[in-house]
Amino acid sequence: MIRPKFLAPALWLVAALASGADTFNWTHWRGPKQTGASLETYEKHLLPTEPLWKVDLAGQGTPIVVDGKMFVFGYRGEFDDLVETLTCLDAATGKPVWEKQFRDFISDTAYNRYAIGSPAYDAETKQVYLQTTNGYFVCCDAATGDIKWRHSLMEAVGRITFPNGRTGAPVVEGDTV
C-alpha cells in the first residue's frame, strides 16, 4: 500500500499537542477558530523528538482532536479491497476506540495522489460529521461511533466523483452543518 507522506507528521503533531493538554480541542480541519493556527503555545507543548505513536492509515486528511480523542478520515487497501475509514483513537496512546468503514463503490478517485477530507466535530451535540469520497454525508456519535444518519449526496444532489478526490470537510456553524 502506498502511504502518503503527510498523514504521519500530522498525526505526530496532533498527538504531541493532545498529550500535553486536557483542554486542547481542534474540532475542524482549520482549527479552533478556522484560522489554521493553534491556540496553544510552543513553550507549553515542547514537541518530542520521536513520534508518540503511529497508525497504519493513509489519506492525508487533517485529523481533529476533541476531549482526548483523535478522529481521522483515511483509507486502507487498494482497488476492490479499498475502504475509507473514520477512525477514533485515544489521542495520548493511539489505541483505537472505534472505527467505521465505508466502501468506495463508484469512484475513480486516485487515492495515492490527493488528500481525502477531514471530519468535523460539534461540541454541542457531541457528534462527528464526515463526507466520504463517494458522496455519503455521515453523522456519528463521537463516543460510540454509532451512525446517527447517512445521506447520499450522489442521490440527493447529483454529486459526482473525480479522479482527484475533491472531498471536503463539513463545517459546523450554530445548529447547521
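Owing to the predicted nature of the structure, the values given are computational and were not obtained by experimental measurement.

J.: I would appreciate a short explanation of the pairing of strand E2 (residues 69–76) in the present structure.
T.: The side chains of a regular strand alternate between both faces of the sheet. With 6 of 8 residues buried, E2 is to be regarded as a mostly interior element. Joining the antiparallel neighbours strand E1 (residues 64–66) and E2 is a turn of 2 residues, in which Asp67 adopts a positive phi near 45°. Relative to strand E3 (residues 83–90), E2 is paired through 8 bridges, and the arrangement is antiparallel. Among the inter-strand pairings, Val72 is bridged to a residue of E3, identified as Thr87.

J.: Is there a simple way to explain the sheet that holds E2 in this structure?
T.: Strand pairs in the sheet, formed through backbone hydrogen bonds, run parallel or antiparallel to each other. Taken in spatial order, the 4 strands make up an open sheet running E1-E2-E3-E4, and their pairing is antiparallel. The two strands at the open ends of the sheet, each matched to only one other strand, are E1 and strand E4 (96–103). Taking the axes of each pair of neighbouring strands and ignoring which way they run, one obtains an average angle of 20° across the sheet. Pairing geometry for E3 and E4, over 7 bridges, is antiparallel. Bridging from a neighbouring strand, Thr87 pairs with Glu99 of E4.

J.: How should the environment of Val138 be read in this particular structure?
T.: Note that Val138 resides in strand E7 (residues 136–141). For the pair Val138 and His151, spaced 13 residues apart in sequence, the C-alpha separation works out to 6.5 Å. Those residues in contact with Val138 that lie beyond four places of it in its chain are Phe102, Val128, Tyr129, Leu130, Thr132, Ile147, Trp149 and Arg150.

Rules behind the numbers
- Residues numbered from 1 in each chain as written.
- Predicted model: local features only at pLDDT ≥ 70, side-chain atom pairs only at ≥ 80, totals over all residues.
- Heavy atoms only, no water.
- Buried < 20%, exposed > 50% of the residue type's maximum accessible area, 1.4 Å probe, protein only.
- Helix = DSSP H or I, 4+ residues; strand = E, 2+ residues; numbered from the N terminus.
- Pairing = 2+ DSSP bridges.
- Axes fitted to C-alpha atoms, helices over the stretch in contact; angles between N-to-C directions.
- Contact = heavy atoms within 4.5 Å.

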